[in-house]
Amino acid sequence: MSTPARETPMMRQYLALKAQHPDAFLFYRMGDFYELFLDDAVRAAPLLEVTLTSRDKGSPDPIPMCGVPVHAADGYVKRLSEKGYRVAICEQTEDPRSVGGRRLVRREVVEVITPGLVGDPQGLPAAREVALAAIAIREADAGLAALDASTGHFRATSAQLEHGALPKALLDELERIAPRECVLADDAPETALTLLRARLPQLVISRAPAASFAAAPQQFATASQQLGGPPGADLTAAGAVLAYLAAHQPSAAKLAPPLRRYALSDTMVLDAATRRHLELFESAEDRTRRGTLIERIDETLTPLGARRLAHWLSYPLLELGAIRERQNGVAWLAERDRARGRLRAALASVRDLERQLAKCARPGAEPRDLAQLRASLAALPRVRAWLASDAQTLLPEAAPASITLPEPLAELAQLLQDAIVDEPRALPRGSRGASETGFIRVGFRPELDALREAAHKGREWIAGLETRERERTGIATLKVRYQPVFGYGLEVSKSQLTRVPSDYERKQTLASAERFTTRELREMETQVLGANDRAAALEREVFESVRQLLLAEAPRIRAAADAVAEIDALQSLAEVARRDGWVRPELDGGTQLELRAGRHPVVERVLQGEGAAFVANDTSLDPARTRVLLLTGPNMSGKSTYLRQVALITLLAQIGSFVPAASAQIGIVDRIFTRVGASDRLAQGQSTFMVEMRETAEILAQATPRSLLILDEIGRGTSTFDGLSIAWAVAEHIHDAPGLGARTLFATHYHELADLAVAKAGVANAHFEVREAKGEVLFLRRLVAGPASRSYGIEVARLAGLPVAVITRARQLLAQLEAGEFDARGRPRLAEPGSAPNTSQLSLFAAAPPREPGEEAVLAELRASDPLRTTPLDALALLERLQRRLASSGDLA
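Keep in mind it's a predicted model, so treat the numbers as computed, not measured. (Residues numbered from 1 in each chain as written. Predicted model: local features only at pLDDT ≥ 70, side-chain atom pairs only at ≥ 80, totals over all residues. Heavy atoms only, no water.)

Focus on the sheet that holds strand 22 (residues 672–675)
Step number 1: Across the sheet, 6 strands lie side by side as 22-23-24-20-25-26; this open sheet has mixed pairing. The open sheet has two edge strands with one neighbour each: strand 22 and strand 26 (776–785). Averaged over all adjacent pairs, the angle separating strand axes in this sheet is 15 degrees, with direction ignored.
Step number 2: Where strand 20 (residues 628–632) and strand 24 (residues 743–747) come together, 4 bridges link them in parallel fashion. Bridge pairing links leucine 630 to phenylalanine 746 in strand 24.
Step number 3: Packed onto the sheet, helix 21 (residues 639–654) meets strand 20, strand 22, strand 23 (708–712), strand 24, strand 25 (763–773) and strand 26 and runs at close to 160 degrees relative to strand 23. (Pairing = 2+ DSSP bridges. Helix = DSSP H or I, 4+ residues; strand = E, 2+ residues; numbered from the N terminus. Axes fitted to C-alpha atoms, helices over the stretch in contact; angles between N-to-C directions. Contact = heavy atoms within 4.5 Å.)

Some remarks on the sheet that holds strand 9 (residues 153–160)
Step number 1: The sheet built from 6 strands is open, its strands ordered 11-10-7-8-9-12 with mixed pairing. Both edges of this open sheet fall to strand 11 (204–208) and strand 12 (260–261), since each of them pairs with a single strand only.
Step number 2: Helix 5 (residues 168–177) rests against strand 7 (132–137), strand 8 (141–148) and strand 9 of the sheet, and its axis sits at about 10 degrees to strand 8.
Step number 3: Here helix 7 (residues 233–248) sits on the sheet and contacts strand 7, strand 8, strand 9, strand 10 (181–185), strand 11 and strand 12; the angle it forms with strand 8, its principal contact strand, is near 40 degrees.

Details of the pairing of strand 25
Step number 1: Among the 11 residues of strand 25, 8 are classified as buried, and the element is accordingly described as predominantly covered.
Step number 2: Here strand 20 pairs with strand 25 via 5 bridges, running parallel. Looking at the pairing, leucine 631 lines up with alanine 766 of strand 25.
Step number 3: Bridge analysis of strand 25 against strand 26 gives 7 bridges, and the strand direction is antiparallel. Bridge assignment links histidine 767 to a residue of strand 26, and that residue is valine 784. (Buried < 20%, exposed > 50% of the residue type's maximum accessible area, 1.4 Å probe, protein only.)

Some points on the packing of aromatic side chains
Step number 1: Within this structure, the stated rule accounts for 9 aromatic pairs.
Step number 2: Here the aromatic rings of phenylalanine 439 and phenylalanine 543 are separated by 6.1 Å at their centres, their planes lie at 80 degrees, and the arrangement is edge-to-face. With a gap of 104 residues between them, phenylalanine 439 in the loop between helix 16 (410–419) and helix 17 (446–473) and phenylalanine 543 in helix 18 (residues 519–552) connect regions that are remote in the sequence.
Step number 3: Ring plane angle 45 degrees and centroid distance 5.8 Å describe the contact between tyrosine 504 and phenylalanine 516, whose orientation is recorded as tilted. You can see tyrosine 504 sitting in the loop between strand 14 (487–493) and strand 15 (505–509) and its partner phenylalanine 516 sitting in strand 16 (residues 513–517), a full 12 residues away along the chain. As far as burial versus exposure is concerned, tyrosine 504 and phenylalanine 516 are alike and both buried.
Step number 4: Grouping aromatic residues by their ring pairs yields a cluster made of Tyr14, Tyr28 and Phe37.
Step number 5: If you follow arginine 29 out to its NZ or CZ, it ends over the ring of tyrosine 34, 5.8 Å from the centre.
Step number 6: The ring centre of tryptophan 312 lies 3.9 Å from the NZ or CZ of arginine 326, which sits over that ring. (Phe/Tyr/Trp six-rings, centres within 6.5 Å; stacked < 30°, edge-to-face > 60°. Lys NZ or Arg CZ within 6 Å of the ring centre and 35° of its normal.)

Concerning the nonpolar core
Step number 1: Core analysis: the largest hydrophobic core is formed by 106 residues, its most contacted members being Ile297, Leu353, Leu377, Trp386, Leu550 and Ile672.
Step number 2: Among the elements that take part in this core, helix 19 (residues 554–580) stands out by supplying 13 residues, more than any other.
Step number 3: By size, the runner-up hydrophobic cluster in this structure holds 25 residues, among which are Ala133, Ile135, Leu170 and Leu200. (Core = buried A, V, L, I, M, F, W, Y, C linked by side-chain atoms within 4.5 Å.)

Focus on the pairing of strand 8
Step number 1: Where burial is concerned, most of strand 8 is hidden: 8 out of the 8 residues are buried.
Step number 2: Side chains of strand 8 alternate between two faces, with Asp141, Gly143, Ala145 and Leu147 and Ala142, Leu144, Ala146 and Asp148 buried alike.
Step number 3: One ladder, built from 6 bridges, connects strand 7 with strand 8; its direction is antiparallel. Within the sheet, the bridge partner assigned to alanine 136 lies in strand 8 and is glycine 143.
Step number 4: Linking strand 7 back to strand 8 in an antiparallel pair, the connection comprises 3 residues.
Step number 5: Looking at chain direction, strand 8 and strand 9 are connected through 8 bridges and run antiparallel. Each bridged residue has a counterpart across the sheet, and for leucine 147 the counterpart in strand 9 is phenylalanine 154.

Side note on the environment of arginine 362
Step number 1: Within the secondary structure, arginine 362 sits in the loop between helix 14 (353–360) and helix 15 (367–384).
Step number 2: Between the C-alpha atoms of arginine 362 and alanine 252, which are 110 residues apart in sequence, the distance is 6.8 Å.

Digging into the confidence of the model for the protein
Step number 1: Averaged over every residue, the pLDDT of the protein is 84; the share at 70 or more is 87%.
Step number 2: Across the protein, element-level confidence peaks in strand 21 (residues 663–667) with a mean pLDDT of 97 and bottoms out in helix 4 (residues 96–99) with 66.
Step number 3: Here residues 836–850 scores under 50 on pLDDT; set against residues more than four positions off or in separate chains, the count is 26 contacts. (pLDDT = per-residue confidence, 0-100.)

Concerning unusual backbone geometry
Step number 1: With a phi angle near 55 degrees, alanine 597 is a residue other than glycine that sits in the positive phi range.
Step number 2: Here alanine 597 is to be found in strand 18 (residues 593–598).
Step number 3: Taking relative accessible area as the criterion, alanine 597 reaches 22% and is therefore assigned partly exposed.
Step number 4: The phi dihedral of glutamate 713 falls on the positive side, at around 60 degrees, and the residue is not glycine.

Examining the side chain of glutamine 654
Step number 1: You can see glutamine 654 is positioned in helix 21.
Step number 2: On the basis of relative accessibility, which here comes to 0%, the residue glutamine 654 falls in the buried class.
Step number 3: Separated by 2.7 Å, the side chain of glutamine 654 and the backbone nitrogen of valine 669 make a polar contact. (Polar contact = N/O pair within 3.5 Å; in protein donor to acceptor, adjacent residues only side chain to side chain.)

Here it is, written out as structure tokens:
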């Protein structure tokens, strides 16, 4: 009677391992495949697009199964993790040949891949973090820690709870980090879970035992002193990250990186809306890097530098000393073209040291990984020597402190050079005890060389055996064959069996031949295979010892990688500044913002590619004089480009970069807020106007006198009068509110807002010059003082290609609306064909004249009106009627 498939030793082993990881797909190693069974197979087959089959098909209860080749497993694992799933990698942890069929091969789960803990870092975006985060909630504060296990970047921060809930600042920081996965304690409040899912719907949230959040690990004692005070929730969160890492990837936990503790107030805050509106990392058009600021300034040569530059752009500096130190490095490199060219050539040979180190730390690390790391280590001395010449030291003392050259690590490079052959071939994944050899260099270990020599001589003897036996037996077709199960044999076709000598011993029968062995062949086979197996085992042992020596130097390798990242990011900014004529901005602790001939860094490059010139413009904002600059006129004139260029120049200045302007004087900005463009969040029940108002509310609630506000078309998502009223009130609030008065660029189509400059000393008007000639409109892109006289919306519509009939009718209606020509039901009266339009514009906020006797009746009618029950058209008609009454009584003379 056959044993049911679910009760075989192999399935019992599988089910026991699966029970340890019930929430993960278990990739169970069987020879050259990873197999999945039961529910894992049913769920994984369509996700991986592989065939679902079954084990023991003759059984009334077959077991569903599917599998993927070991050599291609990383791609399948990555596909699952990117979809939010976990994968437990189960390897054979002993050589099947050593078991000899006596029992089942031992297997263990060696690592668990989760969305936030990648396995093989190969193929990850060079400039992007792949972070695992954890949030710890205590009585008074909440902590956030984030680890990129592929690079070793580990940081933590905290903030006070807000009415017992997660603070908005911490959620903003989580959005900025954009982790793939966030760990919460299993006893964390459901409100926190709900809030996280609302703010980051794509985030994978994992629960962990509350015990892992109980206290900060001892190794963080030093980190707790960096900001002063006792360990806070940030260190608790960091401890939870390490506990999660140890539970899923023990090998990576052994190389736990140092923790960097920071405060949210250390750097400029850039919320999600600002990053999106300014297109710092992702284009609004196609969500790629094309046309973004990071693409514009990224001239890095290494993945290390690309990540560092992206981090600088995410976290602009606030401390003047740090900004100037970084500027000094950029200036020093920009002034030395030849030296910078040599540096760039040297950096091109450095690969991703951080991720190569992470790959070497994995259980499945192979000689090829060490060889790749060796190539990067070998390039470090060339980076150090980038300034070397006959009459020059390696690094002049005049170089700024921001330029730190990496330690050469020559002894590590030499160790890998001596130990690993130049081009080691790829080895089967998880091939413990396998017979693959040849990746340790000859001469590195004499014992290994002796075993190889013995095996080589044995193979030479066996290779000559075929010639000798043909001569001895007269069997011209005799061949020496090797088969993994049966070993070496002398193969004789059946037609020649009568000539087989008596000392031949039959070993294997084939369809058309027999295989034999002899005493001498058996002895030599034992010698060859034994020497080969011992050499393979020793080679693995040598490889592992070299790997451990390398991992012991992980802190030094990370320090070298950090230095390479820093200098590569600096030279990238220097390369852009020198090539494109950018200037060094002057920053101080004031609140002014003075730009002369500022240019949009991205749009300028696009226009250059089209052979066109960018029109530069000045900017002057100072709360003591002009704190709000009102921009009116059509969008086609360049308002949106101008708004963004001021924000981008400020942002570039505070990452230490030079800027596209003739000169720049900038008082440190603590936050840049933007309210630009139209978008909705329908999945969260928020219309376009609701999103606009929420973003505006957050700006008004969080802005300070040191902030920079970029506001474009506030109030456009509702009716004209509603929108105008909101825009007016927002501008007034920014100007008047105590403790606000932030530097503000306020673009609007509501020309009535220009009257604010009359009543508010800190408001100034400006517009972009437009010329009309022979019925054509020419947008000059030049910013001039004063309000725009027209919006030119119909002209822009004509340029866009609207039908002539539509344009003509729009002009008629505009004339009627501007003249207030309405019938008794509040509808515009039709203009007679060919009648001249009245281009006068009603002023809703004209300054009030001195009160006259006739004004009392007008005021009485105004007081009797009910704004909540008055339609916009009725209100406009009422205003016109009251104006006529005042005019007839002489009050508007």
